[in-house]
Amino acid sequence: MTSIPNDPIMLLSFVNTQLRDNYSSLEEFILAYECDREELEAKLKSIDYEYDKILNRFL
């Protein structure tokens, strides 16, 4: 299984690409990559990005 990037900018790009191409929700992504949702969201919030459920991406 592919590990997710640690750098917040790379993580943002990776997660949004995965959400666009492979997963219809953040929940599906979290289950597939077995990562901690709170940690993921905190890391992306540190660069001022938050998950938008309707658009299924971090903005």
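Scroll up a little and you will see the structure.
The rules behind these values
- Residues numbered from 1 in each chain as written.
- Predicted model: local features only at pLDDT ≥ 70, side-chain atom pairs only at ≥ 80, totals over all residues.
- Heavy atoms only, no water.
- Helix = DSSP H or I, 4+ residues; strand = E, 2+ residues; numbered from the N terminus.
- Salt bridge = Lys/Arg side-chain N within 4 Å of Asp/Glu carboxyl O.
- Buried < 20%, exposed > 50% of the residue type's maximum accessible area, 1.4 Å probe, protein only.
- Patch = residues over 30% accessible without salt bridge, like charges linked within 9 Å, V, L, I, M, F, W, Y side chains within 5 Å.
- Areas by Shrake-Rupley, 256 points an atom, 1.4 Å probe, with all protein chains shown as cover.

Trainee: I'd like to hear about unusual backbone geometry, residue by residue, with values.
Mentor: Even without being a glycine, D48 presents a positive backbone phi close to 65°. Relative to the helices and strands, D48 resides in the loop between α3 (37–45) and β1 (51–52). Phi angles above zero are rare outside glycine, and N56 is one such case at about 55°.

Trainee: So what's going on with the pattern of salt bridges? Which residues, and what values?
Mentor: In the structure shown here, the tally under the stated rule is four salt bridges. Salt-bridge contacts for R37 lead to E41; the nearest nitrogen and oxygen are separated by 3.1 Å. Here the residue R37 and the residue E41 both occupy positions in helix α3, the gap between them amounting to four residues, near one helical turn. Looking at R37, the relative accessible area reads 28%, which means it is partly exposed. Exposure remark for E41: the relative accessible area of 27% places this residue in the partly exposed category. Across the pair E50 and K45 runs a salt bridge, and its minimum N-O distance is 2.9 Å. Among the residues examined, E50 registers a relative accessible area of 47% and is labelled partly exposed. For K45, a relative accessible area of 47% gives the class partly exposed. Because the salt bridges share partners, they merge into one network encompassing E27, R37 and E41.

Trainee: Break down a nonpolar patch on the surface for me, with residues and values.
Mentor: Taken together, the side chains of I54, L55 and L59 present a nonpolar region at the surface, about 340 Å² in accessible area. Along the chain, L55 falls in the loop between β1 and β2 (57–58). By relative accessible area, which is 52% here, L55 ends up exposed.

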